[in-house]
Amino acid sequence: MQRKLVERELTEEGPRRGTGARGKRRSVTVNLAESPLSWLYSRGHLSERHFEAGERLRADYERAQIAPSITMRWDPVKVDCSGGPDHGLTTSERQIVAKSRFDDAMAEAGRGLTDILWRVVCGCEGLPDAERALEWPARSGKVVLRIALDRVADFYRIR
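A brief structural summary.

Rules of the game
- Residues numbered from 1 in each chain as written.
- Predicted model: local features only at pLDDT ≥ 70, side-chain atom pairs only at ≥ 80, totals over all residues.
- Heavy atoms only, no water.
- Helix = DSSP H or I, 4+ residues; strand = E, 2+ residues; numbered from the N terminus.
- Buried < 20%, exposed > 50% of the residue type's maximum accessible area, 1.4 Å probe, protein only.
- Contact = heavy atoms within 4.5 Å.
- Areas by Shrake-Rupley, 256 points an atom, 1.4 Å probe, with all protein chains shown as cover.
- Polar contact = N/O pair within 3.5 Å; in protein donor to acceptor, adjacent residues only side chain to side chain.
- Expected span 1.5 Å × (residues − 1).

Each helix and strand in the protein was counted, giving 6 helices and 3 strands. Taken from the N to the C terminus, the helices and strands of the protein come in the order β-β-β-α-α-α-α-α-α. Looking at the protein as a whole, 32% of its 159 residues are labelled buried. Long-range contacts, defined as pairs at least 24 residues apart, comprise 56% of the intrachain contacts of the protein with a sequence gap of at least 6. Accessible area of the protein: about 10900 Å², with a carbon and sulfur share of 50%.

Structure (structure tokens):
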């Protein structure tokens, strides 16, 4: 993963997105290319099993090309043809199979857990933003995300 580092002013609420620092203020370097899932994993908030389950779910989401687009997509689907469950399928078949796996994994997570999975894993939304959007108490999203990723790991048979 390519790193995209930027300097942000550090405030009581966290790194400020805007620019225009006046005087002497503290700053922090932020990697904009880092996903919320990898951020949680790198700081020990998720186990390797949870991280692997989230990455598999996001891979199926990307392969299925579920993300909204404004116009027609002209970019080719990048597929690793080194074997795996989709080996020998056409591009369209890979997309259909990935969509089916994604839907099945989300169904395995169950009602109430798909919202946090979609927002953090697929939408790359930070936990605090997801908690606010779902109107959950602060710091509750991490526990719910772990439960959801446990179920997704069971679906993908990750031990």
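With that settled, consider unusual backbone geometry. Within the chain, Glu-135 stands out as a residue other than glycine whose phi angle is a positive 60 degrees. We note that Arg-139 has phi near 65 degrees; this positive angle belongs to a residue other than glycine.

Let us look at the side chain of Glu-125. By the secondary structure assignment, Glu-125 is in the loop between helix 4 (114–122) and helix 5 (127–133). Of the polar contacts made by the side chain of Glu-125, one reaches the backbone nitrogen of Ala-130; its length is 3.2 Å.

Over its 16 residues, helix 2 (residues 48–63) runs 22 Å from end to end, which matches the ideal 22 Å to within 8%, given 1.5 Å per residue. For helix 2, the complete set of buried residues consists of Arg-49, His-50, Phe-51, Ala-53, Gly-54, Leu-57, Arg-58, Asp-60 and Tyr-61. Where helix 2 is buried, its residues meet helix 1 (36–42), helix 3 (91–109), helix 4 and helix 6 (141–155). Taken from the residues just after helix 2, Gln-65 is the one with a positive phi, measuring 55 degrees.

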